[in-house]
Amino acid sequence: QVQLVESGGSLVQPGGSLRLSCAASRNIFSSNAMGWYRQAPGKQREMVATINTDGSTNYVDSVKGRFTISTDNGKNTAYLQMNSLKPEDTAVYYCNIGYFSGGNYFSRAYWGQGTQVTVSS
């Protein structure tokens, strides 16, 4: 079992930046892929970014060039650096442990509780 705890969400003005953190209860990112998801009110949860154990990353088109996913295995923590935030980035953000198969990311049943990001003036 592993527990994931997200933090760093806040209210921020458009154009601002935030860094989300996902702290794991044990060393897991060195042997598992992970992803950040978000869910806006009334919408389905969508994958925002993933990172594989080899460091390769993928992003949904809407955040490319603005968001950066990373992991720090020594701290058992993953990050999502979000720059140039837009109102449409408003959502609850979740981190997840997963794996890649055939080039596709699959979630394992490990989710955090989420952290709220609100982008508004």
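Residues numbered from 1 in each chain as written. Predicted model: local features only at pLDDT ≥ 70, side-chain atom pairs only at ≥ 80, totals over all residues. Heavy atoms only, no water.

Notes on the pattern of salt bridges
Line of reasoning, step 1. Scanning the model with the defined rule gives 4 salt bridges in all.
Line of reasoning, step 2. Here Lys 64 makes a salt bridge to Asp 61, at a shortest N to O gap of 3.0 Å.
Line of reasoning, step 3. Of the charged contacts, one joins Arg 66 and Asp 89 as a salt bridge, the two residues approaching to 2.8 Å between their closest N and O atoms. Taken as a pair, Arg 66 in the loop between strand S6 (57–59) and strand S7 (67–72) and Asp 89 in the loop between strand S8 (77–82) and strand S9 (91–101) lie far apart in primary sequence, 23 residues in all. (Salt bridge = Lys/Arg side-chain N within 4 Å of Asp/Glu carboxyl O. Helix = DSSP H or I, 4+ residues; strand = E, 2+ residues; numbered from the N terminus.)

Considering the state of the cysteines
The term disulfide refers to a covalent linkage connecting the sulfur atoms of a pair of cysteines.
Line of reasoning, step 1. As enumerated under the stated definition, the model contains 1 disulfide in all.
Line of reasoning, step 2. Put simply, Cys 22 and Cys 95 are joined by a disulfide, and their sulfur atoms are 2.1 Å apart. Judged by the sign of its S-S torsion, about 70°, the bond between Cys 22 and Cys 95 is right-handed. Taken together, the residues Cys 22 in strand S3 (residues 18–24) and Cys 95 in strand S9 connect sequence positions 73 residues apart. (Disulfide = S-S within 2.5 Å.)

Comments concerning the sheet that holds strand S1 (residues 4–7)
Line of reasoning, step 1. The 4 strands lie next to each other as S1-S3-S8-S7, forming an open sheet whose pairing is antiparallel. Bordering the open sheet on either side are S1 and S7, each of which pairs with just one other strand. Each strand axis lies, on average, 15° off the axis of its neighbour in the sheet, ignoring direction.
Line of reasoning, step 2. Note that S1 and S3 share 4 bridges and pair antiparallel. Residue pairing in the sheet places Val 5 in a bridge with Ala 23 of S3. (Pairing = 2+ DSSP bridges. Axes fitted to C-alpha atoms, helices over the stretch in contact; angles between N-to-C directions.)

A look at the pairing of strand S11 (residues 115–119)
Line of reasoning, step 1. The side-chain alternation of S11 yields one buried face, formed by Thr 115, Val 117 and Val 119, and one unburied face, formed by Gln 116 and Thr 118.
Line of reasoning, step 2. When strand S2 (residues 11–12) meets S11, the two strands line up parallel, connected through 2 bridges. In the sheet register, Leu 11 faces S11, and the bridge partner there is Thr 118.
Line of reasoning, step 3. Pairing of S9 with S11 involves 3 bridges; the strand directions are antiparallel. Residue pairing for S11: Ala 91 is matched across the bridge by Val 117. (Buried < 20%, exposed > 50% of the residue type's maximum accessible area, 1.4 Å probe, protein only.)

Quick look at the environment of Ala 40
Line of reasoning, step 1. Locating Ala 40 in the fold gives a position in the loop between strand S4 (33–39) and strand S5 (46–51).
Line of reasoning, step 2. Along the primary structure Ala 40 and Thr 90 are separated by 50 residues, whereas in three dimensions their C-alpha atoms are 6.4 Å apart.
Line of reasoning, step 3. Aside from chain neighbours lying at most four places away, what touches Ala 40 is Thr 90 and Ala 91. (Contact = heavy atoms within 4.5 Å.)

Quick notes on the side chain of Glu 6
Line of reasoning, step 1. Structurally, Glu 6 is set in strand S1.
Line of reasoning, step 2. Buried and unpaired, Glu 6 has no salt bridge, with Arg 45 as the nearest side chain of opposite charge at 7.4 Å.
Line of reasoning, step 3. From its side chain, Glu 6 meets the backbone nitrogen of Gly 112 in a polar contact 3.5 Å long.
Line of reasoning, step 4. A polar atom in the side chain of Glu 6 sits 2.8 Å from the backbone nitrogen of Gly 114.
Line of reasoning, step 5. In contact with Glu 6, other than residues within four places in its own chain, are Ser 21, Cys 22, Trp 36, Tyr 93, Tyr 94, Cys 95, Gly 112, Gln 113, Gly 114 and Thr 115. (Lys, Arg positive; Asp, Glu negative; His and termini not counted. Polar contact = N/O pair within 3.5 Å; in protein donor to acceptor, adjacent residues only side chain to side chain.)

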